[in-house]
Each structure stands twice: as C-alpha cells, then as structure tokens.
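# Results of the structural survey
Residues per chain, in single letters:
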Amino acid sequence: MSLLDIDERLLDLIEKVEFGRSPINDIKVPGACDIGLVEGGLCNEDNVRTLNEFRENCSILVAVGACAINGGVPALRNEIDLKDCLETSYLTGVGIVDAQIPNDSELPLLLDKVHPIFDAVKIDYVLPGCPPPAEAFLELVTAVIEGREPNLGYQLRRFD
Amino acid sequence: MTIDIKNPSFLLDGEEVPFTEGQTVMEAALTAGSYIPHLCFHPELQAHGSCRLCIVESDNRLHASCTLQANSRLKVSSQTQAINKMRKHIVQMLFVEGNHICPSCEFSGNCQLQAMAYELDMEEGHFHFRYPKREQDASHNDIFLDRDRCINCELCVRASRENDAKNVFSLGGRGTETHLCANSASGKLGDTSLDVSDKAANICPVGALLINDQSYVTPKEDRVYYQTSISLRGNRRPKEIE
C-alpha cells in the first residue's frame, strides 16, 4: 500500500498504467500484465498458488519489501517447529478459551517454513524496505515504462 | 615510481598512500583518509583477517589489507568492480548465514553490516537463507546477547582480552555451528564479569550485543548510516558520532 504514498503523482501514473489484480480493487485472478508487484513471503499454500499465477501472467515480477525478499519478521518462526507454534498459539498459550487448532477447508494450510519468494519463482527486480520508500516504487515503474534500468539511490535502498 | 626511503608510500588505486614502518595497508589507508571496506578490523585491536571484506589485489593475488604489511613496492587495487562484487557476495553470505531481520532490529540504521550492504549495492540475499536456530542470552542485567545477528567477527572477543583484560568472550563450535560463547561456568553472559562500560560491550558492529536501555533512543533519521554511507562515515558506533 506504500505505493499510494507517491501521493498526487499517482494521478500522472494512472494515465500510463492500468491496475490489474490488487488490494485496491476486487479482481481475483491476474490477467496478462507487464509488471507484477508481490509483497510478503510464502507462509501458506495459497501464497504459493497466487505467486505462481503472478509469475505466469507478469512479464516483470518484482519482490516488494523485506518479507518477500528474505521472509522478514514472519520468518522468525522458522526457528520454531510448526507444531509447537500452532500448539502455543491455539492450545497452551495464555488466555485461550475453547482451545483448538483451526482446521477448516477455507483456511490455507501453513507451510512448514516461511520462504522468500525467490525460493519458488524467478524474480526480475527487488524493492527492499519495510516498506520500500514511495519514491522507489515510482522510480521502478517509471524506469520500466521508459525501457531503462531502475536507479535506486542510497536513500531508496533501505532494509528497514 | 621512485622509492623515497624517508617518506615511504605505496599505491592504492593509483593514489600514493604514505605509511610508517610496521603499518598494514588498511592502517595506512585509513590514516590517509582512504576507506577500504571492513567489518572485523578495529584500529585499536589486533587484526583478525577473518571477514575478508578488506580484500585488495596486488601482484595478481588477493590479500586481506588488514594483515598485509605496507611496503614501497606495493601497487594495490581496492575499488574495482570485480573486488566489490566479491565483497557483495561476502556480505550476502553473512546475511543468509544468520537471522538478520532488519525491520525488527533495534540496531537498524546503526548497523555496519547493513551499511556495508548499502555501500556495495546489495538488494537481496542471493543465496539460500539458512534460518539457523541460535540461542539468545538475556541473563545479564544490562546487556542482551542476540546471537541471531552475530557475524563472528571477534571484535568483542579481542576487546575483552586486549582492552578490558577480562577474556569474557570466545568463539566455539566449528563451521556453520561456530558461535559466540560467554566464558563462564554456566555459559551465560550474566555469570561473566562483563560490565556495561567495557569496550567489549560497546564494540559490536551489528545488533548482537545491545545495551539494554539504549535501544530506540535515536530516531531513525539520526542514526549513523541513515543519510551517509559507511565509506564516508567510517565504521562508527552511535556514540562515536559528533
């Protein structure tokens, strides 16, 4: 959502691009697309399916933010056994009422470990940061539209 | 180049760097204001030569400049594309070897590993992340040891031995299991004589050794490497900035 921080320049951008599947609209399945921006790591089977759909449909796929690039804060659970994680969260943790581990067909199954998206698909560009600076989004998208390599200066390559 | 015996110098990336007898290439370069990337070197401690970020090329060989004795015949290359690419891969390997979650780290912005990544245009880890399980140590009243972030540079080990005359730390284990040990019978930091004022407690280049009440005291924008790269600012701890 930090893409929106480019503020009024969004109006210029919208003249040049068309938004496909995004959290801003209700499109469920990505169609053929030039640039795919993917945030978040791979935590569950639904994440993997969505990522593969993006890779199949996007000419350029961009890993956006720390979680997509290295797993980020959710990857802190990689040091802990998944069973222990679930049991502590839903069975034995403090203040739990009606203890049970959620198991509904609507809920995507968790992966054993959290993975950066590089582990599943080829990535063309990365935008580091938590979140990446709005200027970095603008520079990347503008560069792709203009057919040049993006130039992320010191201030636009942040890991935090 | 003619050799001036009274004022000896060597060439670093084509520039003359003066040195005094016994200095290493790293010491002479830093004295002359030429930055060579490094993480495990500290001017007040014995060189360790382990992080390999300070590699330079001379006579078609790579040397760690922190252990390479300066001499008048040296022609050293440091800022080349090939060497900086190797340095970037070294930093990437350090990132994937530990658990370096910058967004949740108190030391982000002050961290020399992170600053080195910025310096070398690193954007991602490149290699497969290992996500090792490492033991944390909160047994000390004033100092927290977060081994997830430790890069085994031994700065605290050397500072404790050479500066504090205490020998609080050592490296144990082998290969990927190498880890920082607290030298007490229990293995806990709280049972060592480490004091919050010790050099060893105030030298960590990453967020592995943190003084408890000093986290988040500085806003992000005022941290050491927020505006300025490590090659301009040097390897500094937050309190060493004017």
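For clarity, every value in this text was computed on a predicted model and none was experimentally measured.

## Comments concerning the overall build of chain A
Looking only at helices and strands, one finds five helices and five strands in chain A. Every one of the 160 residues in chain A was classed for burial, and the buried ones make up 39%.

## Comments concerning the environment of P102(A)
All names here are of chain A. Note that P102 resides in the loop between α4 (82-92) and β4 (110-115). With a relative accessible area of 40%, P102 lands in the partly exposed category. Between the C-alpha atom of P102 and that of N57, which follows or precedes it by 45 residues, the distance is 33 Å.

## A closer look at the interface of chain B and chain A
Opposite the 29 residues of chain B that make contact, chain A presents 24 residues. A combined buried area of about 2,300 Å² lies between chain B and chain A, and 58% of that area is made up of carbon and sulfur atoms. Among the residues of chain B in contact with chain A, Y118(B), E123(B) and Y131(B) are the three that bury the most area, contributing 32% of the side total. Where chain B meets chain A, there are two salt bridges. For the salt bridge of K220(B) with D160(A), the shortest nitrogen-to-oxygen distance reads 3.8 Å.

## Concerning helix α4 (residues 155-163) of chain B
All of the buried residues in α4(B) are L155(B), C156(B), V157(B), R158(B), A159(B) and S160(B). Tucked into the core, α4(B) has its buried residues touching β8 (169-172), β9 (179-182) and β10 (209-211) of chain B.

## Comments concerning a negative patch on the surface
On the surface, a cluster of negative charge is made up of D5(A), D7(A), E8(A), D12(A) and E15(A). Its location among the elements puts E8(A) in the segment before α1 (9-16).

## A closer look at the side chain of H140(B)
Residue and element names in this part refer to chain B. Mapped onto the elements of the fold, H140 is located in the loop between β6 (136-137) and β7 (143-146). In this structure H140 comes out as buried when scored by relative accessible area, which is 10%. Reaching out from H140, the side chain makes a polar contact with the backbone nitrogen of I143 at a distance of 3.3 Å. At 2.7 Å, the side chain of H140 forms a polar contact with the backbone oxygen of L194. Residues within four places of H140 in sequence aside, it is in contact with L189, G190, L194 and N212.

Calculation criteria
Residues numbered from 1 in each chain as written. Chains lettered and ligands numbered in written order. Predicted model: local features only at pLDDT ≥ 70, side-chain atom pairs only at ≥ 80, totals over all residues. Heavy atoms only, no water. Helix = DSSP H or I, 4+ residues; strand = E, 2+ residues; numbered from the N terminus. Buried < 20%, exposed > 50% of the residue type's maximum accessible area, 1.4 Å probe, protein only. Contact = heavy atoms within 4.5 Å. Buried area = accessible area lost by both parts, 1.4 Å probe. Salt bridge = Lys/Arg side-chain N within 4 Å of Asp/Glu carboxyl O. Patch = residues over 30% accessible without salt bridge, like charges linked within 9 Å, V, L, I, M, F, W, Y side chains within 5 Å. Areas by Shrake-Rupley, 256 points an atom, 1.4 Å probe, with all protein chains shown as cover. Lys, Arg positive; Asp, Glu negative; His and termini not counted. Charge placed at Lys NZ, Arg CZ, Asp CG, Glu CD. Polar contact = N/O pair within 3.5 Å; in protein donor to acceptor, adjacent residues only side chain to side chain.

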